[in-house]
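Next come the chains, spelled out residue by residue.
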Amino acid sequence: MEPENKKEHFIESIIIKDIENNKNDGKVCTRFPPEPNGYLHIGHAKSICLNFNMANKFNGKCNLRFDDSNPAKEKQVYIDSIKSTVNWLGFEFGTPFFASDYFERLHDFAVELIKKGKAYVCSLSADDLRQYRGTLTEPGKDSPYRERSIEENLNLFTRMKNGEFDEGEHTLRAKIDMSSPNINLRDPIIYRVKKAFHPRTHDQWCIYPMYDFAHCLSDALEGITHSLCSLEFEDHRPLYDWTLDELETPCHPRQIEFARLNINYTVLSKRKLQRLVEENHVQGWDDPRLPTLEGIKRRGYTPESIRNFCDIIGVSKKESRIDMTILENCLRDDLNEKAPRVMAVLRPLKVTIENYPDDKTEALTAKNHPQKEEMGTRTITFSRQIYVEQDDFMEDPPKKFFRLGPGREVRLRYAYLVTCQKVIKDESGNVTELICTYDPETKGGNAPDGRKVKGTIHWVNANDCIDAEVRLYDRLFKDENPEQDKQDFIENLNPHSLEALESCKLEKSLINAAPETAYQFERLGYFCLDSKNADKKNPVFNRTVSLRDVWAKRSKK
RNA sequence: UGGGGCGUCGUCAAAUGGUAAGACACAGGGUUUUGAUCCCUGCAUUCAGAGGUUCGAAUCCUCUCGCCCCAGCCA
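Residues numbered from 1 in each chain as written. Chains lettered and ligands numbered in written order. Predicted model: local features only at pLDDT ≥ 70, side-chain atom pairs only at ≥ 80, totals over all residues. Heavy atoms only, no water.

**A few points about the overall build of chain A**
On a plain count of helices and strands, chain A comes out with 13 helices and 25 strands. For 557 residues, the compact-globule formula gives about 24 Å, and the C-alpha radius of gyration of chain A, at 31 Å, lies well above that figure. By its C-alpha atoms, chain A is 100 × 55 × 40 Å across when sized along the principal axes. Considering chain A as a whole, with its 557 residues, one finds that 53% of them fall into the buried category. (Helix = DSSP H or I, 4+ residues; strand = E, 2+ residues; numbered from the N terminus. Rg over C-alpha atoms; globule rule 2.2 N^0.38 Å. Buried < 20%, exposed > 50% of the residue type's maximum accessible area, 1.4 Å probe, protein only.)

**Focus on the protein's contact with RNA strand B**
Inspection of the region around RNA strand B gives 70 residues, with Lys-318, Glu-319, Arg-341, Gly-444 and Arg-548 positioned closest. Between RNA strand B and Arg-403 there is a distance of 2.6 Å, counted from a base nitrogen to a side-chain nitrogen or oxygen. With respect to RNA strand B, the side chain of Glu-522 contributes an N or O atom lying 3.4 Å from a base nitrogen. Where the surface near RNA strand B is concerned, the elements lending two or more residues are α5 (126-133), β6 (189-193), α12 (324-338) and α13 (550-556). Residue classes in the surface near RNA strand B are distributed as 22 nonpolar, 21 polar and 27 charged. (Near = heavy atom within 4 Å. Polar contact = N/O pair within 3.5 Å; in protein donor to acceptor, adjacent residues only side chain to side chain. Nonpolar A, V, L, I, M, F, W, Y, C, P; charged D, E, K, R; others polar.)

**What to know about the side chain of Glu-389**
Among the secondary structure elements, Glu-389 is positioned in strand β15 (residues 385-389). No salt bridge is formed by the buried Glu-389. Its closest oppositely charged neighbour is Arg-347, at 5.1 Å. Apart from the residues within four sequence positions on either side, Glu-389 is in contact with Ala-344, Val-345, Leu-346, Arg-347, His-458 and Leu-524. (Lys, Arg positive; Asp, Glu negative; His and termini not counted. Salt bridge = Lys/Arg side-chain N within 4 Å of Asp/Glu carboxyl O. Contact = heavy atoms within 4.5 Å.)

**Concerning the domain arrangement of chain A**
For interface size, the figure often reported is the accessible area lost on association. By the assigned domains, chain A splits into domain 1 (10-258), domain 2 (270-299 + 307-340 + 468-556) and domain 3 (344-458). The distance between the C-alpha centroids of domain 1 and domain 3 comes to 64 Å. (Domains from an automatic or database assignment.)

**Examining the nonpolar core**
Membership of the largest hydrophobic core comes to 39 residues, with the highest contact counts inside it found for Ile-42, Val-86, Ile-306 and Phe-309. Going through the elements one at a time, α2 (42-57), β2 (61-66), α3 (76-89), α10 (293-299), α11 (303-313) and α12 are the ones with two or more residues in this core. Broken down by element, the residue count for this core peaks at six residues, all from α2. Two domains each donate at least three residues to this core, and these are domain 1 (10-258) and domain 2 (270-299 + 307-340 + 468-556). When neighbours within four sequence positions are excluded, Phe-309 is seen to be in contact with Ile-42, Leu-261, Ile-263, Ile-322, Ile-326, Leu-327 and Cys-330. Counting 34 residues, the second-largest nonpolar core is a separate cluster that includes Phe-103, Ile-207, Phe-213 and Leu-217. (Core = buried A, V, L, I, M, F, W, Y, C linked by side-chain atoms within 4.5 Å.)

**Comments concerning helix α1 (residues 10-20)**
Spacing of three or four residues puts side chains on the same side of an α-helix, whose turn is 3.6 residues. Listed in full, the buried residues belonging to α1 are Ile-11, Glu-12, Ile-14, Ile-15 and Asp-18. What you see down the axis of α1 is that its buried residues fit within an arc of 160 degrees, all on one side. Turned more than 90 degrees off the buried face of α1, the exposed positions are Lys-17 and Glu-20. A positive phi of about 55 degrees marks Asn-22, the residue just after α1. (Arc of directions from axis to C-beta.)

**What to know about the side chain of Asp-287**
Following the sequence through the fold, Asp-287 ends up in the loop between α9 (270-278) and α10. Of the polar contacts made by the side chain of Asp-287, one reaches the backbone nitrogen of Gln-283; its length is 2.8 Å. Asp-287 has contacts with Val-282, Gly-295 and Arg-298, leaving out every residue within four places of it along the chain.

**Concerning the environment of Asn-542**
Relative to the elements of secondary structure, Asn-542 occurs in strand β25 (residues 540-546). Asn-542 sits in the buried class, given a relative accessible area of 0%. Within polar-contact distance, the side chain of Asn-542 engages the side chain of Tyr-473 at 2.7 Å.

**Some remarks on the sheet that holds β15**
In space, the seven strands of this open sheet follow the order β19-β16-β17-β18-β12-β15-β20, with mixed pairing throughout. Of all strands in the sheet, those with a lone pairing partner are β19 (456-457) and β20 (459-461), marking the two edges. Bridge count between strand β16 (residues 409-412) and strand β17 (residues 417-425): three bridges; the pairing is antiparallel. Across the sheet, Val-410 pairs through a bridge with Val-418, a residue of β17. (Pairing = 2+ DSSP bridges.)

**Some thoughts on unusual backbone geometry**
For Asp-187, which is not glycine, the phi torsion reads 45 degrees and is therefore positive. With respect to the helices and strands, Asp-187 occurs in the loop between β5 (171-174) and β6. Of note in this structure, Tyr-265 is not a glycine but carries a positive phi near 65 degrees. With respect to the helices and strands, Tyr-265 occurs in the loop between β9 (254-258) and α9.

**What about the state of the cysteines?**
In the structure shown here, the tally under the stated rule is zero disulfides. The thiol sulfur of Cys-29 is not disulfide-bonded, and the nearest other cysteine sulfur, from Cys-62, lies at 7.5 Å. Under the relative-accessibility criterion, Cys-29 is labelled buried at 9%. We note that Cys-504 lacks a disulfide partner, and the nearest cysteine sulfur, in Cys-465, lies 11 Å from it. According to the relative accessible area criterion, Cys-504 is buried, its value standing at 0%. (Disulfide = S-S within 2.5 Å.)

**Comments concerning the pattern of salt bridges**
On inspection of all chains with the given rule, the structure shows 43 salt bridges. The salt bridge partner of Glu-164 is Arg-159, with a shortest N-O separation of 2.7 Å. Three or more residues are tied together by salt bridges with common partners; here these are Arg-31, Arg-65, Asp-219 and Glu-222.

Right under this line is the structure:
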């Protein structure tokens, strides 16, 4: 799974070629430019990894730059969340940059454009502007304000800046070509009046640059060499280049587009995620079922697994939908290496070992990792009363069921071989308890007579365990592609995406678990203490991901 | 139907005119005190389709088909 021979992707090839040609003096500088209008999700992780990896690989630098040119949508909480999330992923960005730090310079660039006769103040209303823009198949028409004099434009723009006009009264437009087949070149708006409070510049400005104007110039100002963005900006590249060609800038970065990430059984658009949160289909932006990085983190995903995932899926221009199992597999790969093993019973079934002394408690030694001696051992206790998993007993088991059934013998992990002697049921016929006998000669789990016992099951000592709530998560949507527009994606929600199990029985050592730190509950999956419900009295654990389970898969068929 | 992109295994993805990597998934088998892990084995005569150029084409040319993006004073 290591990308050791991993072939370079097309962006890397471009960068290598640029270095060979000594373009930008052989330097590489990239940037991750989120707008602080929401929380980051795993789709952003792809971009973050791409940008930082390219910079790191070629001894360059990657800036974290907030594209905060629309104060109507942006908030400080998002800025804070984004910074900590990028750090959590494992990337160093130093002092973050902000497009808003360039507002003064951006304004000066706009003035320069006006002076060159390449920008004008347009006084068309939003509706009229749309009319004048034309359509996909028809060219646009020149604005009646297109030929205003430079002096008038300068005067009007200054007054826009000074707050003399209301929103929508005037805009500053680049003078390019109203008949261009590329709509982005039909005199795009580069500045608009917006009387909103900006999280950083507060009320210092009432005009704000549009993305197409701010982004390319911010890139140039920071000395970005390769400006990586998603496919939908391909049509904007001519404008990106036009702006930098018209203005005197320190450099002219190269914009390269790649396909954004899609994953099946989930949604990755900010709009849809927002609906899930606002309509309370999930419990907040950090709900462990969500693909937000905060949710994923709380669920127990490791940054390493996400970085590895981003390496594995590659970078191309083909729009793709990645199988969720690839992400899960990256996670299991990582957790298998580092998660200590522990025993926990999620759906407890009481077992009494009838030939085990009532007052006896025994200490047993369990490995913290079956393949890694260096992770050490721990002590667990055994007594007459234990719990096993309900799934590990069947009254009428099929062939190849290696677990407990009437008269069957199994191994209790690290303890003894036990045989089921009696099944106790309540009035309605539900199995409530098992009466078993143990073989005192098999301490540790090996039979001196060499008899083979195929099944090994986990258990916990009923007299020495902790109660906890355990939350099991399943995919958020029923359909592989919830984003298709045939129906409202909300209809597609999986009603069983969250299953909370009360009074699960956990091995005592888990009392020391730290939030978001992975444990493998043997035979069940990887779990971590929930960071919001870490109370020692009523701990809540999240299932990060289950173990692969070919038995479950086979019995489903 | 204007413009810009994209089509290689079920899903991602290499191959840069020299004879289809790899990963996940899937199917078999082995080891195992986790039905986990680990280890083997198999899995595209064919690259959206059709023509053409060439000793040789997934790669070059032509046409056709399919999918995505663009008409915010959002990014």
